[in-house]
Protein chains: 2
Amino acid sequence: MMENRIYNFNAGPAALPLEVLEKIKDSFLNFGDSGMSITEISHRSTLFDDVINDAVARTRRLLKLDDKFQVLFIQGGASLQFSMIPLNLLGEGDTADYVNTGTWSTKAIKEAEIMGKTINVVASSEDKNFSYIPKNISFNSNAVYAHITSNNTIKGTQWASFPETGGVPLIADMSSDIMSRPLDVDKFGLIYAGAQKNIGPAGVCMVIIRDDMLKRVPDTLPSMLKYTTYASKNSMFNTPPCFSIYMIQLVMKWLEESIGGLEEMAKMNQTKARILYEAIDASGFYQGTAETDSRSLMNVTFRLPDEALEKQFVEQALKNSMGGLKGHRSVGGCRASIYNATPMAAVEALIDFMKNFEQKNG
Amino acid sequence: MMENRIYNFNAGPAALPLEVLEKIKDSFLNFGDSGMSITEISHRSTLFDDVINDAVARTRRLLKLDDKFQVLFIQGGASLQFSMIPLNLLGEGDTADYVNTGTWSTKAIKEAEIMGKTINVVASSEDKNFSYIPKNISFNSNAVYAHITSNNTIKGTQWASFPETGGVPLIADMSSDIMSRPLDVDKFGLIYAGAQKNIGPAGVCMVIIRDDMLKRVPDTLPSMLKYTTYASKNSMFNTPPCFSIYMIQLVMKWLEESIGGLEEMAKMNQTKARILYEAIDASGFYQGTAETDSRSLMNVTFRLPDEALEKQFVEQALKNSMGGLKGHRSVGGCRASIYNATPMAAVEALIDFMKNFEQKNG
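Residues numbered from 1 in each chain as written. Chains lettered and ligands numbered in written order. Predicted model: local features only at pLDDT ≥ 70, side-chain atom pairs only at ≥ 80, totals over all residues. Heavy atoms only, no water.

Engineer: Hey, could you run me through the overall build of chain A in this one?
Structural biologist: When you go through chain A residue by residue, the secondary structure sums to 10 helices and 14 strands. Radius of gyration (C-alpha) of chain A: 21 Å, near the 21 Å computed for a compact globule of 362 residues. Taken across its 362 residues, chain A has 64% of its residues classed as buried. Partitioning the contacts of chain A with sequence separation of at least 6, the portion at a separation of at least 24 is 67%. A total accessible area of about 13,400 Å² is found for chain A, and carbon and sulfur atoms account for 47% of it. Charged side chains in chain A number 36 positive and 41 negative. The centres of these two groups are separated by 2 Å. (Helix = DSSP H or I, 4+ residues; strand = E, 2+ residues; numbered from the N terminus. Rg over C-alpha atoms; globule rule 2.2 N^0.38 Å. Buried < 20%, exposed > 50% of the residue type's maximum accessible area, 1.4 Å probe, protein only. Contact = heavy atoms within 4.5 Å. Areas by Shrake-Rupley, 256 points an atom, 1.4 Å probe, with all protein chains shown as cover. Lys, Arg positive; Asp, Glu negative; His and termini not counted. Charge placed at Lys NZ, Arg CZ, Asp CG, Glu CD.)

Here you go:
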C-alpha cells in the first residue's frame, strides 16, 4: 500500500485499481498528447472514439459477447434503469417477473409499479430479512423478462448460479458484481451495472442488451429514454459522460492485461472471500449475516456482539488505514466490500485487524 | 501557456481552468487526506457532503439565488431536460411556448412533441438559418412556461437580454453561457445547463428550479425523472456523478476566488469577444455568420472565402497549438468557442494567427 493511501472497503463508489488512478493522474493535463485534459476533449474527436470503442471492444472480449449483444453507456445509474427497462420492454398487456432479494430489487419493483406496469413478484426472501437467495422459482412462461439482482450489496447475498427460467430472458442488475466472474450471457436479454462498484466511477451505467430486446422499444418514448437511441449512436446521441467512460476503458484494460481476464479475476475474488468468511466462521465473536450458501463474494456482512463494539471496530479500523467498514445505514452492522480492485493484501490486513480486535474485546 | 498544453477552442466538452485541472491532478490519489481518490469516496460521506454543499452554496452566491430556488445536479445532459421539463411541468390541458433559435431549441421542441404535449412555437429565426435572435415576441398569457435557448452554440447567436413574457416564467437552456455573466433570475422558473461548456466536465446537468415549478411535478413519474426527487434528497436519491460535481465545485471556487465573480467574468468575456469580432470585421477575408446584434460572446462563428481555405485554417491552427476551430458538422465553417476558461492570451494568439493566415492566403 502506498504510504498515504488506505485500504478501501467502501460499498460504492469503491476502490479502483491503483494503476488506473495513476494513469489518469499522469495524463490529466495532457491526454494522449492532445494538449488537453480528458475532460476537455471533444466527444466527436478521434481521440474519444478510440476511448469508447476500446471500452466496448474490451467489454465484449471479457464477457465473450457475440454480435447479438450491444454495449451501451447510459447516465442515471441503475436507478434510471429500474424505469427504463419496463418503459422500453413492457407494452400494453405484457407482464414481467421479478425476484425480490433486497433493497435494490425492491426499488426496481417499485419503479415498475409507479408506471402502472403489470409485474409479478415470483419469489422473495423478505421473510428472513433477505438473508438468502430463493431457490426453485416458478417463472411465468409468458413473462417478457425475469428480473433479478445478481449481488445484493446491502444484505451481502449473491446468486452463485442463475435460475432456470424456461426460456424467459433474464434481466440482471449486476451493479455490484459485473466483471467479477465469467458469465454465461446466453441466458440474458439485458444486463445493467452502475459503474461505481466494480468497473469505474459514479456517473455511468453499462447496459448490455440483446437484439430481440431492442425490437420491443416503442417509438413514443423520449429519445434519451430509448435503448435504440444509444444503440444506433454508439452511446453518443448527446454528449456522453466522457471521463467516466474513459475510466471504464482503463479498468477493462487492467482486467485484460494486468489481471488476465475474468477467470483469473474470479479465482482472486473467491480466495479473498474464502479467507475472510473462514476468519469470521472460526471466531465466536464475528457473525456472518447471510445464509452460508447465499453469501456474496463481493460484500461480506457481519455483526459483532453489540452495536457499541461495532462502532469501535469501524473507528479503530480507520485509524489502522482501513476505511468503509460500516454496514449500510438501513441495516447496521459491519460490511467489508471486496470488489475486483480490493487487493488480497487489504483482506489479509483486515483479517489481522479483526483477530487483534477480538483478542482485545472478545 | 504550459509547454505541452494547447489553446482549446472546443465547443464542448471545452477548456477548463488550468488551476482546477492542476488541483484535481495533485489530489487524484488522495482526496482531502482521505487516502482515497475523489472517484473512490462514498457519496454518503462528510467528505462528499462538503463537496456538493459547497458547489451549491457557491452557485447560489454567484447567481444571487434566494430561497425560492433550488440547485440540482441531474445526469443525462440538457437532452434529458428537453423531456423532463414537459414531463414535470405540463399536465393535462397545459400548454407552453417555445422560441426556436437553432439546433438545440429544435431538439427541445421535438422532445416535447414526442410525448404528445401541447406546445406553441411563438417565434423562430429559421427563415434566416437561425442567424439572429427574434424580437418583439408575443407570448401566450396562459402558457405554463416560455422556453428559450440563451446561447446557440452551433449558430453563434445569444440573447443579449431576455424577452418580456408578461409574467410567464422563463425556462432557459443555458448550457453554453451559464455563469458567463450576471443574471436577473427573477424572470426564471427553471434554468438548466449541461456542465461541459462553462462549468465542468460532461456527465452532469445543473438545474436551478423555483419552488412554484416543483409544485407542478406529478407523483406518477418514475423517481429519477421527477425534480422533486432531486430537490428532497440534495441530488442524492441515488449515487450522483461525484467526480463531475466535484469539478463543478472547483470551477465555482475559481469563479469566486480567482476571477472575482460574474461581473468580472462578464467583463473579460466581453473583451475577448469584442477583440475577436473586431478582427473579423476589420478583415475582408473572414466573415461573421450571425447578425451583429445577435452575436454570441461564447461561440464566434465565421467563414473564410472557401471550404478548402477553412480546412487549411483549422489544420494550420492546430499545428500552431490552437485546437477545436472547426465549425459544427451540421453547418461547416469555423468556430472559436471562447468560454469562461479560455484565457485572453488564447484569443490574442488566435487573432495573430488569423492575421498571419490572411496575409498568406488572402
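Engineer: Any chance you could explain helix H9 (residues 307-319) of chain A here in plain terms?
Structural biologist: Given 3.6 residues per turn, any residue in an α-helix points the same way as the ones three and four places further on. Residues and elements named next belong to chain A. Here H9 spans 19 Å end to end across 13 residues, near enough to the 18 Å set by a 1.5 Å rise per residue. When H9 is considered as a whole, its buried residues turn out to be Leu309, Glu310, Phe313, Val314 and Ala317. Buried residues along H9 cover an arc of 140° about the axis, so they all sit on one side. In H9, the exposed residues that point more than 90 degrees away from the buried face are Lys311, Leu318 and Lys319. Residues of H9 that are buried in the fold lie against strand S12 (299-303), strand S13 (322-323), strand S14 (334-337) and helix H10 (344-361). Where H9 starts, the residue carrying a side-chain oxygen 3.0 Å from the main-chain nitrogen of Ala308 turns out to be Asp306. Where H9 terminates, the next one or two residues include Ser321, which has phi positive at roughly 65°. (Expected span 1.5 Å × (residues − 1). Arc of directions from axis to C-beta. Polar contact = N/O pair within 3.5 Å; in protein donor to acceptor, adjacent residues only side chain to side chain.)

Engineer: Would you mind showing me how to read the relation of the copies chain A and chain B here?
Structural biologist: Each of the two chain copies goes to the other by way of a rotation about an axis and a shift along it. Overlaying chain A on chain B yields an RMSD of 0.0 Å, the required transformation being a rotation through 180° with an accompanying axial translation of 0.0 Å. A rotation of that kind, with that shift, is consistent with a two-fold axis. An overlap of 100% is found between the interface residues of chain A and their copies at the interface of chain B, pointing to a shared contact surface. (Least-squares fit on C-alpha atoms with pLDDT ≥ 70 in both.)

Engineer: Explain the interface of chain A and chain B here, please?
Structural biologist: Much of the literature gives interface size as the accessible area that the parts lose upon coming together. The interface is formed by 60 residues belonging to chain A together with 60 residues belonging to chain B. Across the chain A/chain B interface, buried area totals approximately 4,800 Å², and carbon plus sulfur atoms make up 59% of it. When the area that chain A buries against chain B is broken down by residue, the three leading residues are A:Lys25, A:Leu29 and A:Glu40, summing to 15%. Joining chain A to chain B, the criterion identifies two salt bridges. Across the salt bridge formed by B:Glu40 and A:Arg5, the nearest N and O atoms sit 2.8 Å from each other. Put simply, chain A and chain B have 25 residue pairs in polar contact (both at pLDDT 80 or more) between them. No other element matches the six residues that helix H1 (residues 18-26) of chain A contributes to the side of chain A that touches chain B. Class assignment of the residues belonging to the side of chain A that touches chain B gives a composition of 29 nonpolar, 22 polar and nine charged. (Buried area = accessible area lost by both parts, 1.4 Å probe. Salt bridge = Lys/Arg side-chain N within 4 Å of Asp/Glu carboxyl O. Nonpolar A, V, L, I, M, F, W, Y, C, P; charged D, E, K, R; others polar.)

Engineer: Would you take a moment to explain the pattern of salt bridges for this structure?
Structural biologist: A complete count under the given rule lists 36 salt bridges over all chains for this structure. A salt bridge links A:Arg210 to A:Asp212, with the shortest nitrogen-to-oxygen separation between them at 2.8 Å. With relative accessibility at 33%, the residue A:Asp212 sits in the partly exposed group. The shortest N-O distance in the salt bridge between B:Glu257 and B:Arg58 comes to 3.0 Å. Separated by 199 residues along the polypeptide, B:Glu257 in helix H7 (residues 242-259) and B:Arg58 in helix H2 (residues 46-63) bring together distant segments of the chain.

Engineer: Sorry if this is basic, but what is going on with the domain arrangement of chain A here?
Structural biologist: Residue and element names in this part refer to chain A. Split into domains, chain A comes out as domain 1 (24-259) and domain 2 (261-361). Centre-to-centre, using C-alpha coordinates, domain 1 lies 27 Å away from domain 2. Interface area, domain 1 with domain 2, both sides summed: about 2,200 Å², of which 54% is carbon and sulfur. Looking only at domain 1, the three residues that lose the most surface to domain 2 are Ile154, Gln158 and Ile259, adding up to 24% of its buried area. Notably, a salt bridge pairs Glu291 with Lys128, separated by 3.8 Å at the nearest N-O pair. The set of elements that each furnish at least two residues to the side of domain 1 that touches domain 2 consists of helix H2 (46-63), strand S6 (151-152), strand S7 (157-158) and helix H7 (242-259). A per-element tally of the side of domain 1 that touches domain 2 places H7 first, with four residues. Across the side of domain 1 that touches domain 2, the residue classes tally to 11 nonpolar, 10 polar and eight charged. (Domains from an automatic or database assignment.)

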